[in-house]
Amino acid sequence: MLKRKSGNGLRLPSDCVFLSLDIASKTGIRIGVTTLKRLIGFANDEREPHTSTLDAIARYLGFAHWEELSKIEDKGNSDFSCSDEEVRSADLQIGNVVEVTYLPDRRVALVYEGENHYTVQVSENSKLQVGDEVEILNFVLHHPLLVMQVWRNGESLGQFTAGRVSGLSSIKIL
């Protein structure tokens, strides 16, 4: 319902910035970006949201309060689950290997270390190097891969974006 109302696919953590602004402009209530990331599943945090946050979301979606919305939600009208085109770090197990490809002929395999952190295991034609440590929240097919942070030999190299033009060509959990 949030995707439809906002016109935003909510595929990337940065989409929550837009959603936060849209909710504030339409309801006058500000919900923090981090709170939205937690609710949508981009942040690995199991805290329960405040009732006021849920009520604000309900108002944004056109309902009087959360209880009214939850009656519809209980009937299966709302879904925050991932699509087949997305892999979220929060859904992986330590040791899982995620392989991505992007144009022109790049392939990177990353071992999940926990808490959104990976180690590069294979790097073909990519600026990432085997052994680099990276922080990634999610992988979305046909969208650029946003690496929040890259560490090489203990030194921070900052953010890195892969597949800027055409996005990821494939995503596999090996």
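Throughout what follows, the structure given in this document is the object of discussion. (Residues numbered from 1 in each chain as written. Predicted model: local features only at pLDDT ≥ 70, side-chain atom pairs only at ≥ 80, totals over all residues. Heavy atoms only, no water.)

Restricting attention to buried positions, one finds in helix H3 (residues 33–40) the residues Thr35, Leu36, Arg38 and Ile40. Summarising the contacts, the buried residues of H3 are in contact with helix H2 (15–27), helix H4 (51–60) and strand E1 (86–88). (Buried < 20%, exposed > 50% of the residue type's maximum accessible area, 1.4 Å probe, protein only. Helix = DSSP H or I, 4+ residues; strand = E, 2+ residues; numbered from the N terminus. Contact = heavy atoms within 4.5 Å.)

Right, let's talk about the pairing of strand E7 (residues 145–152) for a bit. Successive residues of a regular strand alternate their side chains across the two faces of the sheet. Both strand E5 (residues 133–135) and E7 contribute to a ladder of three bridges, which runs antiparallel. Looking at the pairing, glutamate 135 lines up with glutamine 149 of E7. The pairing of E7 with strand E8 (residues 155–162) spans six bridges and is classified as antiparallel. Opposite leucine 145, over in E8, you have alanine 162 as the bridge partner. The turn joining E7 and E8, which pair antiparallel and follow one another in sequence, is formed by two residues; a positive phi near 50° is taken by asparagine 153. (Pairing = 2+ DSSP bridges.)

Moving on to H2. Its 13 residues give H2 an end-to-end C-alpha distance of 18 Å, which sits within 8% of 18 Å, the value for a rise of 1.5 Å per residue. Within H2, the full set of buried residues consists of Asp15, Cys16, Leu19, Ser20, Asp22, Ile23 and Thr27. End-on view of H2: buried residues confined to an arc of 165°, all on one side of the axis. Exposed side of H2, more than 90 degrees from the buried face: Leu21 and Ser25 are the residues found there. Structurally, H2 contributes buried residues whose contacts are with helix H1 (2–6), H3 and H4. A positive backbone phi angle near 80° is found at glycine 28, which sits one or two residues after H2. (Expected span 1.5 Å × (residues − 1). Arc of directions from axis to C-beta.)

Think of a ball as big as a water molecule: rolled over the atoms, this probe shows where empty space is left. Following the criterion strictly, the structure yields one cavity of 30 Å³ or more and no others. Forming the walls of the largest cavity are Leu12, Pro13, Leu137, Asn138, Leu146 and Met148. Class assignment for the residues of the lining of the largest cavity results in five nonpolar, one polar and no charged. (1 Å grid on protein atoms, 1.4 Å probe; cavity = no way out; pocket = protein on both sides within 12 Å on 5 of 7 lines; lining within 4 Å. Points joined across faces, edges and corners; volume = space filled by probe spheres on them. Nonpolar A, V, L, I, M, F, W, Y, C, P; charged D, E, K, R; others polar.)

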